[in-house]
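# Geometric and topological summary
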Amino acid sequence: MKNMMDMVGMIKKAQAVQTQMAAVQNKMENTEFTGLAANGAVEVVLTGKLTPVKVKLDKSVVNPDDVETLEDLLLVAMKNAKERADDASDKAFESIKKSLNLPDNFELPF
């Protein structure tokens, strides 16, 4: 009988994890993260699902004779936006684990 109650508890906890993960994933899809380079002269905006939304360039970084620098700055800004999205995702899933008293080594897929 105790084993059956443990199983019911585990199933309820799994359902709670699934519900909360779906909410986090939805929030991430609708949250934008801005990455910057060259003191804000290059700005890239991605969603939490890493979908590009916007690129903004200051005229000071647009030099037809030096396209490579602009390419590098765009990469830096994109990586910065991705890091911000990853950090937000990690924090959200850590919050789920804590709210459900899951062990620290419990891995949530995303």
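Position numbers for residues start from 1 in each chain and track the written sequence from start to end. The predicted nature of this model means local features are confined to residues of pLDDT at least 70 and side-chain atom pairs, given and counted, to a pLDDT of 80 or more, with totals for whole chains, interfaces and linings taken over all residues. To get the side-chain values, take all heavy atoms of the structure and skip hydrogens and water.

### Some remarks on the overall build of the chain
Basically, it comes down to this: Elements are defined by DSSP. Helices are runs of H or I of four residues or more, strands are runs of E of two residues or more, and each kind is numbered from the N terminus. Each residue is assigned to one of three classes by its accessible area relative to the maximum for its type, calculated with a 1.4 Å probe on protein chains only: buried under 20%, partly exposed between the two thresholds, exposed over 50%. Throughout, a residue-residue contact means that at least one pair of heavy atoms, one from each residue, lies within 4.5 Å. For the area figures, the Shrake-Rupley method with a 1.4 Å probe applies, and any residue is considered shielded solely by the protein chains shown.
A tally of helices and strands in the chain yields 2 helices and 3 strands. Along the chain direction, N to C, the helices and strands of the chain fall in the order α-β-β-β-α. Referenced to the eigenvectors of the C-alpha coordinate spread, the extents of the chain come out at roughly 75 × 25 × 15 Å. Across the 110 residues that make up the chain, the buried fraction comes to 26%. Taking the contacts inside the chain whose residues are at least 6 apart along the sequence as the reference set, 48% of them involve residues at least 24 apart. Of the roughly 8000 Å² of accessible surface on the chain, a fraction of 55% belongs to carbon and sulfur atoms.

### A short note on unusual backbone geometry
In this structure, Ala38 takes a positive phi of about 55° despite not being glycine. Turning to its location among the elements, Ala38 is positioned in the loop between strand E1 (32-37) and strand E2 (42-47). On the basis of relative accessibility, which here comes to 36%, the residue Ala38 falls in the partly exposed class. Although it is not a glycine, Leu50 sits at a positive phi angle of roughly 65°. Residue Leu50 is classed as partly exposed on the basis of its relative accessible area, which comes to 36%.

### A look at the side chain of Glu43
With respect to the element layout, Glu43 can be found in strand E2. Filtering out sequence-adjacent residues up to four positions away, Glu43 remains in contact with Thr34, Gly35, Leu36, Lys54, Val55 and Lys56.

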